[in-house]
Amino acid sequence: MSKAPAFTCTACGVAHKKWQGRCDACGAWNSVVEEAPLSAGPKSLGGRGRSIVLTDLATEEAPPPRASSGIDELDRVLGGGLVAASAILVGGDPGIGKSTLLLQAAASFARTGLKVMYISGEEAPAQVRMRAQRLDLQDAPVALGAETNLRDILTTLDAERPALAIIDSIQTMWLDTVEAAPGSVSQVRAAAHELVTFAKKRGVAVILVGHVTKDGQIAGPRVVEHMVDTVLYFEGERGHQFRILRAVKNRFGPADEIGVFEMTGGGLAQVTNPSALFLSDRDRPAPGSAVFAGIEGTRPVLTEIQALVAPSPLGTPRRTVVGLDSGRLSTILAVLEARCGIPFTGMDVFLNVAGGLRVNEPAADLAVAGALLSAREDVAIPPDMVLFGEISLSGALRPVGQTENRLKEASKLGFQQATLPTRSKTAGGSGMKLREMADLAAFVGEMFGAG
Ligand code: TYD
Ligand code: MG
């Protein structure tokens, strides 16, 4: 076996043969670092191993026992509560509120009778206690530790055997068996591996906090995503008080589920009706705004999509997108031009999802097109209308899943009409006025009198 040095991107975890200034996989600059090689095992595997025990697929397993945190938004994202002996990664930008969320979760779990340990590698016990007092959690029976040496932490966990251990953060932990600085790819990987193995072997659920990092000095949470059962990201715009906890991987529940929180002076508060919240600052009907009836995980969520179209002084007009995929915007602009004869050449286009939510569904296409056209033509979309549907490259509208749930949520919030693709599966129970469109040209013709 040749011993080529291993290089790894700290942003996305992809391995490279040699050092390079920019990772080809994720495009990050200065993120590729050399990794200490893992200890070499025996030269060849010619020796005799044990036979492993094989089973079948038919044996029925009881569903894993789950513990409720008492915070519904968190339970839902976990797939219905915390699974015993599972490993969970909570990633997010520094300062977004991960420690706040997990301290609240720790206190909440502890109050339900679970034995919880919170190990902080970043803050002194006094700091954590101060935060707990501010959040009015000081009476919760959480065992608090401040340590970064993983050997000591594992010894303590083994002696105490809590049901849940929270490690804040994985980037501060270090193993004395690995010769690399804390936060390096090798340390973060090795530390996560030890903790995840410990979780499975000893029946302790662990939650690892991981900071998303922009520069290459510290390994990001991506490098441990594959080791854990559940990956949650805590997202939000700095300027907004809304925070979204999103499951991007979950071996014990649906991925793409979200929990919505609001950062207040007294910590994170649950938002049980996100649609009302995301639409709350809508005042009068304004050109450039369209309400999208979306689905986040198992829950319908209405969001406002806003567009601004203005003549551009630049040779290459601006395309600025917040909360949506910019590639999707380019596609929709191209379809509008090619299939409906509505060009956006020479115009700056700004597109935004109000409230700081990130929308990943292709079903948002029609609302995006609606907002763009409404901004360009300076015609407001009726304020009681929601839109959804996927736009194909031919300009046809494709039905999307969960039509009835989208309509019901819209109806509940006082909307009275919906524009959607033809052949959508509706049960007709929502009481909404439906405007079914076969393609984008029909939509343009009906809404904006052109096309
Ligand atoms: P923190 O949980 O420390 O973030 P992370 O662990 O992800 O780095 O959150 C820090 C921010 O949260 C800080 O800017 C202050 C704000 N905050 C509140 O607004 N209200 C609160 O009650 C608390 C505890 C923090
Ligand atoms: Mg923190």
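None of these values were measured; they are calculated from a predicted model. (Residues numbered from 1 in each chain as written. Chains lettered and ligands numbered in written order. Predicted model: local features only at pLDDT ≥ 70, side-chain atom pairs only at ≥ 80, totals over all residues. Heavy atoms only, no water.)

A. Geometry of the overall build of the protein chain. On a plain count of helices and strands, the protein chain comes out with 10 helices and 23 strands. Seen through its C-alpha atoms, the protein chain measures out along the principal axes to roughly 75 × 55 × 50 Å. Counting all 451 residues of the protein chain, 49% fall into the buried class. Contacts spanning at least 24 positions in sequence make up 66% of the contacts within the protein chain whose residues lie at least 6 apart. (Helix = DSSP H or I, 4+ residues; strand = E, 2+ residues; numbered from the N terminus. Buried < 20%, exposed > 50% of the residue type's maximum accessible area, 1.4 Å probe, protein only. Contact = heavy atoms within 4.5 Å.)

B. Layout of the site of ligand 1. The local shell around ligand 1 holds 17 residues, among which Gly95, Lys98, Ser99, Thr100 and Gly267 are the closest. Measuring from an oxygen atom of ligand 1, one finds a side-chain N or O atom of serine 99 at 2.7 Å. One of the backbone nitrogen or oxygen atoms of glycine 265 is found 3.0 Å away from an oxygen atom of ligand 1. Coverage of ligand 1 by the protein chains reaches 73% of its 560 Å² of free accessible surface. When residues of the shell around ligand 1 are traced back to their parent elements, those giving at least two are helix H2 (98–111), helix H3 (125–134) and strand E13 (258–264). Tallying contributions element by element places H2 first for the shell around ligand 1, with 3 residues. Split into classes, the residues belonging to the shell around ligand 1 amount to 4 nonpolar, 9 polar and 4 charged. (Near = heavy atom within 4 Å. Polar contact = N/O pair within 3.5 Å; in protein donor to acceptor, adjacent residues only side chain to side chain. Areas by Shrake-Rupley, 256 points an atom, 1.4 Å probe, with all protein chains shown as cover. Nonpolar A, V, L, I, M, F, W, Y, C, P; charged D, E, K, R; others polar.)

C. Spotlight on the packing of aromatic side chains. Following the criterion strictly, the structure yields 2 aromatic pairs and no others. When the centroid spacing of 6.1 Å and the interplanar angle of 85° are considered together, the rings of phenylalanine 443 and phenylalanine 448 count as edge-to-face. The residues phenylalanine 443 and phenylalanine 448 share a single accessibility class, namely buried. Just above the ring of phenylalanine 344 sits the side chain of arginine 376; from NZ or CZ to the centre is 5.5 Å. The aromatic ring of phenylalanine 388 is capped on one face by arginine 406, whose charged end is 5.4 Å from the ring centroid. (Phe/Tyr/Trp six-rings, centres within 6.5 Å; stacked < 30°, edge-to-face > 60°. Lys NZ or Arg CZ within 6 Å of the ring centre and 35° of its normal.)

D. Structural view of the domain arrangement of the protein chain. Along its sequence, the protein chain is organised into domain 1 (1–36), domain 2 (66–272) and domain 3 (277–448). Distance between the C-alpha centres of domain 1 and domain 2: 27 Å. Counting residues at the interface gives 11 residues for domain 1, matched by 11 residues for domain 2. Interface area for domain 1 against domain 2, summed over the two sides, is near 770 Å², with a carbon-plus-sulfur share of 51%. Counting across the interface, domain 1 meets domain 2 through 0 salt bridges. (Domains from an automatic or database assignment. Buried area = accessible area lost by both parts, 1.4 Å probe. Salt bridge = Lys/Arg side-chain N within 4 Å of Asp/Glu carboxyl O.)

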